[in-house]
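Results of the structural survey
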Amino acid sequence: MAKLIAVTGKGGTGKTTVAALMVRHLRAHTAGPVLALDADPDANLGTVLGIPIGKTIGDLREETAEQINNLPAGLSKAHYIQAGLHEIIVELPKVDLITMGRSEGPGCYCYLNSLLRRFGEDLHDTYPWIVVDNEAGLEHLSRRTTSRIDHLIVVVNGSMLAVDCARRITELVADMKNEVKQKHFLINGVRDDRVAAIRQKLEALGLNYLGDLPRDEALENQVFEGRSLFDLDDGSPAVLKMNEIMKKLMED
Ligand SMILES: Nc1ncnc2c1ncn2[C@@H]1O[C@H](COP(=O)(O)OP(=O)(O)OP(=O)(O)O)[C@@H](O)[C@H]1O
Ligand SMILES: [Mg+2]
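Since the model is a prediction, treat every value here as computed from it, not as a measurement. (Residues numbered from 1 in each chain as written. Chains lettered and ligands numbered in written order. Predicted model: local features only at pLDDT ≥ 70, side-chain atom pairs only at ≥ 80, totals over all residues.)

Of all hydrophobic cores here, the largest spans 63 residues; its most connected members are M22, V23, A36 and V131. Of all the elements, helix α1 (residues 15–29) adds the most residues to this core, at seven residues. Setting aside its immediate chain neighbours within four residues, M22 contacts I5, V131, M242 and M246. (Core = buried A, V, L, I, M, F, W, Y, C linked by C-beta atoms within 7 Å. Buried ≥ 20, exposed ≤ 12 C-beta atoms within 10 Å, placed from the backbone. Helix = DSSP H or I, 4+ residues; strand = E, 2+ residues; numbered from the N terminus. Contact = placed C-beta atoms within 7 Å.)

So this is what it looks like as structure tokens:
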């Protein structure tokens, strides 16, 4: 049964970066394979990992809605969708990527959505670790597109708005007791002299402190130059810190 890590938080706090560094760590330190799931419609987890983005689940949903009444004789709806689902997994050694893309256009997708749910459950049997990069804010939690979370990671930076967002996330997950096992926070790119104050605010919300990721110039350059975070130097400050953070998380 997979352990599912869901990364959340306010826009621009570093969710995609954190998710990518976690995928990188799991790929290097576990037998794998790791599933990287990009649940942000503004997809870019694949991009920072340097994995080409193939067909998205949103594409498949649209395609199915268009084609469903024109399927060749003998090809059932279920077969058509199953075949499509295989196309959306991009496979690399020890890591696979699935990109959700845009969801819910007009029309009823109940049938497809129930197949997707089953597909999602099957993924839990295939991958020991699943890392989900979510869109900013709370929408994904209220829609419950992310189910059965083992580790919810709220990323905060030095902005009080990010701390407020963390508070609202905490309130929302309080009603999801059985679905979210552990709630953590991670401080990203905050000046050393401010870490303690932010940590105190977040711990008061009942979140578990995982650590603070330093602002890492090499990482910033790597992303700016369009190079994969898989190729970031092992000695880079953010990578070293993520090693510590993941060690802590995987012990739980
Ligand atoms: N620790 C860090 N060191 C250096 N640069 C960082 C760090 N964390 C994030 N960044 C940079 O900050 C920017 C925003 O990060 P990222 O895209 O991960 O945020 P996000 O929360 O996923 O944003 P969005 O809400 O738009 O999805 C990116 O350019 C990223 O490379
Ligand atoms: Mg992002």
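Here the narrative resumes, following the displayed structure.
So, on to the packing of helix α3 (residues 57–67) against helix α4 (residues 77–87). Relative orientation of the contacting elements α3 and α4 amounts to 155 degrees, with a least axis distance of 11 Å. Here α3 lies roughly antiparallel to α4, going by the angle between them. Judged by the twist between their axes, the crossing of α3 over α4 is right-handed. The residues of α4 that touch α3, namely those facing L60, E63, T64 and Q67, are Y80, I81 and G84. Residues that form the contact of α3 with α4 fall into these classes: three nonpolar, three polar and one charged. (Axes fitted to C-alpha atoms, helices over the stretch in contact; angles between N-to-C directions. Parallel < 35°, antiparallel > 145°, perpendicular 65-115°, else oblique. Left-handed = near helix turned anticlockwise from the far one by under 90°. Nonpolar A, V, L, I, M, F, W, Y, C, P; charged D, E, K, R; others polar.)

What follows deals with the site of ligand 1. Around ligand 1, the surrounding shell holds 18 residues, and the nearest of these are G11, G14, K15, T16 and T17. Those elements that provide at least two residues to the shell around ligand 1 are α1 and α9 (217–224). Of the residues assigned to the shell around ligand 1, the class counts are five nonpolar, eight polar and five charged. (Near = placed C-beta within 6 Å.)

With that settled, the discussion passes to unusual backbone geometry. For the peptide bond that leads from G32 to P33, omega is -5 degrees, which places it in the cis range. Examined against the element boundaries, P33 turns out to sit in the loop between α1 and β2 (34–39). Its identity as a non-glycine residue notwithstanding, K94 has a phi of 65 degrees, on the positive side. Looking at where K94 falls in the secondary structure, it is placed in the loop between β3 (90–92) and β4 (95–99). The exposure class assigned to K94 is partly exposed, which follows from the 14 C-beta atoms found within 10 Å.

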